[in-house]
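One letter stands for each residue in the lines below.
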Amino acid sequence: MGSLLSLLAVALFGVELTQDVVVGSGIVTMVILMVLSGFFSSSEIAMFSLARHRIDVMLEEGKPGAEAVAELKEDPHRLLVTILVGNNLVNIAMSSIATGLLGYYLSQGQAVVAATFGVTALVLLFGESAPKSYAVENTESWALTIAGPLQWSERFLYPLVVLFDYLTRAVNQVTGGRAAIETSYVTRSEIQDMIKTGEREGVIDEEEREMLQRIFRFNNTIAKEVMTPRLDMTAVSKDATIEEAIQTCTQAGHERIPVYDG
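Residue positions within a chain follow its written sequence, with the count starting from 1. Whole-chain, interface and lining totals are the exception, using all residues; otherwise, since this is a predicted model, local features are given only for residues with pLDDT of at least 70 and side-chain atom pairs are given and counted only at 80 or more. Excluded from the side-chain calculations are hydrogens and water; all other atoms, namely the structure's heavy atoms, are used.

> Hey, could you run me through the overall build of the chain in this one?
Helix and strand definitions follow DSSP, with helices as H or I runs of at least four residues and strands as E runs of at least two, each counted in order from the N terminus. The helix and strand tally for the chain stands at 11 helices and 2 strands. In sequence order, the chain lays out its α and β elements as α-α-α-α-α-α-α-α-α-α-β-α-β. Categorising residues by exposure relies on relative accessible area from a 1.4 Å probe, with only protein chains included: less than 20% of the type maximum marks a residue as buried, more than 50% marks it as exposed, and the intermediate range marks it as partly exposed. When burial is assessed residue by residue, the chain has 30% of its 262 residues classed as buried. Contacts are assigned to residue pairs with any non-hydrogen atoms lying within 4.5 Å of each other. Taking the contacts inside the chain whose residues are at least 6 apart along the sequence as the reference set, 70% of them involve residues at least 24 apart. Method for areas: the Shrake-Rupley scheme with a 1.4 Å probe, in which residue coverage is limited to the protein chains shown. Within the structure as shown, the chain displays about 17400 Å² of accessible surface, and the carbon and sulfur contribution to it stands at 61%.

Below is the structure:
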């Protein structure tokens, strides 16, 4: 494996590289690829956790990068394909380079096993977990930061993005599925679950929970259910004095009451 890298260098550049140069260059390349892996992983979280109304606010405020974010979010399926293609390319490249470098010191089988588990651990820690945690905590600022580079990534990977964009849409049609990424990350049922969890954890009390739950039931409420029957209303005649009206308000506990005629 290691000699294969040397032969490749001779074929491409016409020079024979020493083992130290190949190993050093490979390590530097892997570090760069690891940074790119973290970039793509964090981009997915930042871009798809960003609510549409927040994008509108950022556009109104004229924040740098807001227009790029809005353009990318116009086609979420294409955006997701760009991120996944980029992420898989750099991760596969890392595994291949690691296998080649370890080939200098291990047998072919040992190099493959070591590279597989080693790169998996590195990607999990530094290419997935840490970047995604950062993106969750800094969604808006990170989305604004990475929007421009994401657009350049889409242009650079354009042939692959177009190909896999078409293939994934075709597969979705065949399987009867749909691109769930084009819908909101937070659904109605998830919000209701969060309300219940908030009450259970003591973040909101029972009355607040009931008030929030009523919001979801409001669209199924008919007008009659929220109206007060005329005979149960507190009102004053237009002929009543100001003092009488004030007294009626005080006794009823209302700030405003209707005035009737006849």
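> Sorry if this is basic, but what is going on with the packing of helix H5 (residues 76-102) against helix H8 (residues 158-175) here?
How two helices sit against one another is set out by the angle between their axes and by the gap between those axes. Axis lines are fitted to C-alpha atoms, over the contacting stretch for helices. Their N-to-C directions set the angle, which ranges from 0 to 180 degrees. One way to put it is that H5 packs onto H8 with a least axis distance of 9 Å and a crossing angle of 115°. Between H5 and H8 lies a crossing of right-handed hand. Contacts between H5 and H8 pair His77, Arg78, Val81, Thr82, Val85 and Leu89 from the former with Tyr158, Leu160, Val161, Phe164, Asp165, Thr168, Arg169 and Asn172 from the latter. A breakdown of the residues in the contact of H5 with H8 according to their chemical character gives 7 nonpolar, 4 polar and 3 charged. In a left-handed crossing the near helix is turned counterclockwise from the far helix by less than a right angle, and in a right-handed crossing that turn is clockwise. Only Asp, Glu, Lys and Arg are considered charged in this grouping, and only Ala, Val, Leu, Ile, Met, Phe, Trp, Tyr, Cys and Pro are considered nonpolar; every other residue, Gly among them, is considered polar.

> Explain the pattern of salt bridges to me, please; I cannot follow it from the model alone.
Side chains that carry opposite charge are capable of pairing whenever their charged atoms lie near each other. A side-chain nitrogen of Lys or Arg and a carboxyl oxygen of Asp or Glu constitute a salt bridge if their distance falls within 4 Å. In this structure the tally under the stated criterion is 9 salt bridges. Among the ionic pairs, arginine 54 bridges to glutamate 140, the shortest N-O distance being 2.5 Å. With arginine 54 in helix H3 (residues 52-61) and glutamate 140 in helix H7 (residues 139-156), the pair connects residues that are 86 residues apart, well separated along the chain. Take glutamate 140: its relative accessible area is 25%, and that puts it in the partly exposed class.

> Quick question: what am I supposed to make of the side chain of threonine 82 here?
Examined against the element boundaries, threonine 82 turns out to sit in helix H5. Here threonine 82 falls in the buried class, since its relative accessible area comes to 1%. Pairing of N or O atoms within 3.5 Å defines a polar contact, subject to two protein rules: one partner must be a possible hydrogen donor and the other a possible acceptor, and residues neighboring in sequence count only if both atoms are side-chain atoms. A polar contact is formed between the side chain of threonine 82 and the backbone oxygen of arginine 78, at a distance of 2.9 Å. In this structure threonine 82 touches Phe40, Leu150, Ser153, Glu154, Leu157 and Val161, once residues within four positions along its chain are discounted.

> What am I meant to see in helix H6 (residues 108-137) here?
Side chains of residues three or four places apart in an α-helix project in the same direction, reflecting 3.6 residues per turn. Here, expected helix span is obtained from the residue count minus one, scaled by 1.5 Å. Taking 1.5 Å per residue as the helical rise, H6 with its 30 residues ought to reach 44 Å, and the 42 Å between its terminal C-alpha atoms agrees with that figure. We define the bend at each residue as the angle formed by axes fitted to the 7 residues ending at it and the 7 residues starting at it. For H6, the principal kink sits at valine 123 and spans about 35°. When we look at burial in H6, the residues that qualify are Ala111, Ala115, Val119, Val123, Gly127, Glu128, Pro131 and Ala135.

> Explanation requested: the nonpolar core in the structure shown.
Across soluble globular proteins, nonpolar side chains show a tendency to be buried alongside one another. To qualify as a nonpolar core, a set must consist of buried Ala, Val, Leu, Ile, Met, Phe, Trp, Tyr and Cys residues joined through side-chain atoms within 4.5 Å. In terms of nonpolar packing, the biggest core is built from 35 residues, with Met47, Val69, Leu79 and Leu150 touching the most fellow members. Sorting the residues of this core by element identifies helix H2 (19-48), H3, helix H4 (66-73), H5, H6 and H7 as the ones contributing at least two each. The element that contributes the greatest number of residues to this core is H2, accounting for 11 residues.

> Before we go on, may I ask you to explain a negative patch on the surface in this structure?
Two distance rules govern patches: like charges are joined within 9 Å, and nonpolar side chains (Val, Leu, Ile, Met, Phe, Trp, Tyr) within 5 Å, applied only to residues with over 30% relative accessible area and no salt bridge. For this count, His and the chain ends are skipped, Lys and Arg are scored as positive, and Asp and Glu as negative. Charged groups are reduced to one reference atom each: NZ for lysine, CZ for arginine, CG for aspartic acid, CD for glutamic acid. Together, Asp205, Glu206, Glu207 and Glu208 give the surface a local cluster of negative charge. Tracing the backbone through its elements, the reader meets glutamate 206 in helix H10 (residues 206-217). A relative accessible area of 55% places glutamate 206 in the exposed class.

> How should I be thinking about the side chain of glutamate 154 in this particular structure?
With respect to the helices and strands, glutamate 154 occurs in helix H7. The class for glutamate 154 is buried, based on a relative accessible area of 19%. Ignoring sequence-local partners within four residues, the contact set of glutamate 154 consists of Leu72, Arg78, Thr82 and Val161.

> Honestly, the packing of aromatic side chains in this entry has me stumped. Any pointers?
Each aromatic ring pair is specified by the distance between its two centres and by the angle formed by the two planes. Ring pairs shown here join Phe, Tyr and Trp side chains whose ring centres sit within 6.5 Å, with only the six-membered ring taken for Trp; geometry is labelled stacked below 30 degrees between planes, edge-to-face above 60, and tilted in between. What the rule picks out here adds up to 2 aromatic pairs. Geometrically, the ring pair formed by phenylalanine 39 and phenylalanine 40 is edge-to-face, given 5.0 Å between the ring centres and 65° between the ring planes. Across the pair, exposure class does not vary: phenylalanine 39 and phenylalanine 40 are buried alike. Judged by centre distance (5.5 Å) and plane angle (90°), the rings of tyrosine 134 and tryptophan 142 are edge-to-face. Here the guanidinium or amino end of arginine 155 rests over the ring plane of tryptophan 152, the centre of that ring lying 4.9 Å away. Only lysine NZ and arginine CZ atoms are considered, and such an atom sits over a ring when it is within 6 Å of the ring centre and within 35 degrees of the ring normal.

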